[in-house]
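Below are the chains, spelled out letter by letter.
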Amino acid sequence: MPAINTPTYMRLRDQVRADIVTGVWALGSHVTLAQLSAHYQVSANPVREALLQLQGEGVIAMRMNRGAVIPLVDEKYIDNLYRLRGAIQSMLVRDAARMATPEQVDRLMEMALAYETAAASSDTDACVAANRELHRHIDVIGNNPLAVDLLQGRSTLVDAYRRSVGYGVGRLELVVEQHKKIVEAIASGDEEKAAQLMLEHTDSSRIDLLATCAPQAK
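Residues numbered from 1 in each chain as written. Predicted model: local features only at pLDDT ≥ 70, side-chain atom pairs only at ≥ 80, totals over all residues. Heavy atoms only, no water.

Student: Honestly, the sheet that holds strand 1 (residues 30-31) in this entry has me stumped. Any pointers?
Tutor: Strand-to-strand pairing in sheets goes through backbone hydrogen bonds, with the strands running parallel or antiparallel. As summarised here, the arrangement of the three strands in space is 1-3-2, forming an open sheet in which the pairing is antiparallel. Edge positions in the sheet fall to strand 1 and strand 2 (61-62), since each has one partner strand and no second. Inspection of the sheet shows strand 1 paired to strand 3 (residues 68-69) by two bridges, in the antiparallel sense. Paired with His30 across the two strands is Val69, which belongs to strand 3. (Pairing = 2+ DSSP bridges. Helix = DSSP H or I, 4+ residues; strand = E, 2+ residues; numbered from the N terminus.)

Student: Help me understand the nonpolar core, please; the structure alone is not making it clear to me.
Tutor: Across soluble globular proteins, you tend to see nonpolar side chains buried next to one another. Counting 25 residues, the largest nonpolar core has Val16, Ile20, Trp25, Leu36, Ile60 and Ile78 as the members making the most contacts within it. For Leu36, the contacting residues outside a window of four places in its chain are Trp25, Val31, Gln41, Val47 and Leu51. Within the second largest apolar cluster, 18 residues are counted, among which are Val105, Leu108, Ile141 and Leu197. (Core = buried A, V, L, I, M, F, W, Y, C linked by side-chain atoms within 4.5 Å. Buried < 20%, exposed > 50% of the residue type's maximum accessible area, 1.4 Å probe, protein only. Contact = heavy atoms within 4.5 Å.)

Student: I'm lost on the packing of aromatic side chains in this one. Help?
Tutor: How two aromatic rings sit relative to each other is given by the distance of their centres and the angle of their planes. Under the criterion given, the structure shown has one aromatic pair. Ring geometry for Trp25 versus Tyr40: centroids 6.3 Å apart, planes at 55 degrees, classification tilted. Pair noted here: Trp25 is in the loop between helix 1 (8-22) and strand 1 and Tyr40 is in helix 2 (residues 33-40), with a separation of 15 residues, a long-range link. When the ring centre of Tyr82 is taken as origin, the NZ or CZ atom of Arg85, which lies over that ring, is 4.6 Å away. (Phe/Tyr/Trp six-rings, centres within 6.5 Å; stacked < 30°, edge-to-face > 60°. Lys NZ or Arg CZ within 6 Å of the ring centre and 35° of its normal.)

Student: Could you clarify how one ought to interpret empty space enclosed by the protein in this entry?
Tutor: With a probe scaled to a water molecule rolled over the atoms, the places where space remains empty come into view. Across all of its chains, the model carries two cavities of 30 Å³ or more by this definition. In this structure, the largest cavity encloses a volume near 180 Å³. Of all elements in the fold, only helix 4 (75-99), helix 6 (124-141), helix 7 (145-165), helix 8 (171-188) and helix 9 (191-213) reach the threshold of two or more residues within the lining of the largest cavity. The residue makeup of the lining of the largest cavity, split by class, is seven nonpolar, six polar and five charged. Together, Val16, Ile20, Trp25, Val31, Leu36, Leu51, Ile60 and Ile70 line the second largest cavity. (1 Å grid on protein atoms, 1.4 Å probe; cavity = no way out; pocket = protein on both sides within 12 Å on 5 of 7 lines; lining within 4 Å. Points joined across faces, edges and corners; volume = space filled by probe spheres on them. Nonpolar A, V, L, I, M, F, W, Y, C, P; charged D, E, K, R; others polar.)

This is how it looks when you write it as structure tokens:
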């Protein structure tokens, strides 16, 4: 949770980002300042500031005097983002394998188990949340705030898309195994193996999501 003294617009930014993932604000929808002000019970100024920050993250597109549009996610966006994610997260996990403390490794194991529990119940929403928590924790251990911030905003739209389309056949089981191997590589301090496993993981995620777009491609 944000600190109580965190500026309103920053707390609002984080809440809007989270609400896009959970579907409160749907991909492709248009939202006005008035709608957002009423929904979150705040004035227009912090809403405007929050939207400007989210636009900088690539989460929304501002419209002059008309609020904002939450972009749709298409094949090109998925392909580009996951190739970028693979490059950045393989770098971060390499650093995480070198720097992770025993306490951080224990926490990663707990998060991987939380994902496995969500996967066992085929709970898409819980899987999306658990997956994001695990990866963000790995990214933070990598200690590159610029990279973490870059990934956070861009991940919002694909997390929302994933939540709406679900997972391909056998994907949840595969992710459980991939997570275990990545965490094991971090625990053993094997930087090269951790980076290779992360790259394979992100690429298989890219392929799985692109498959959901295939029926629409003509």
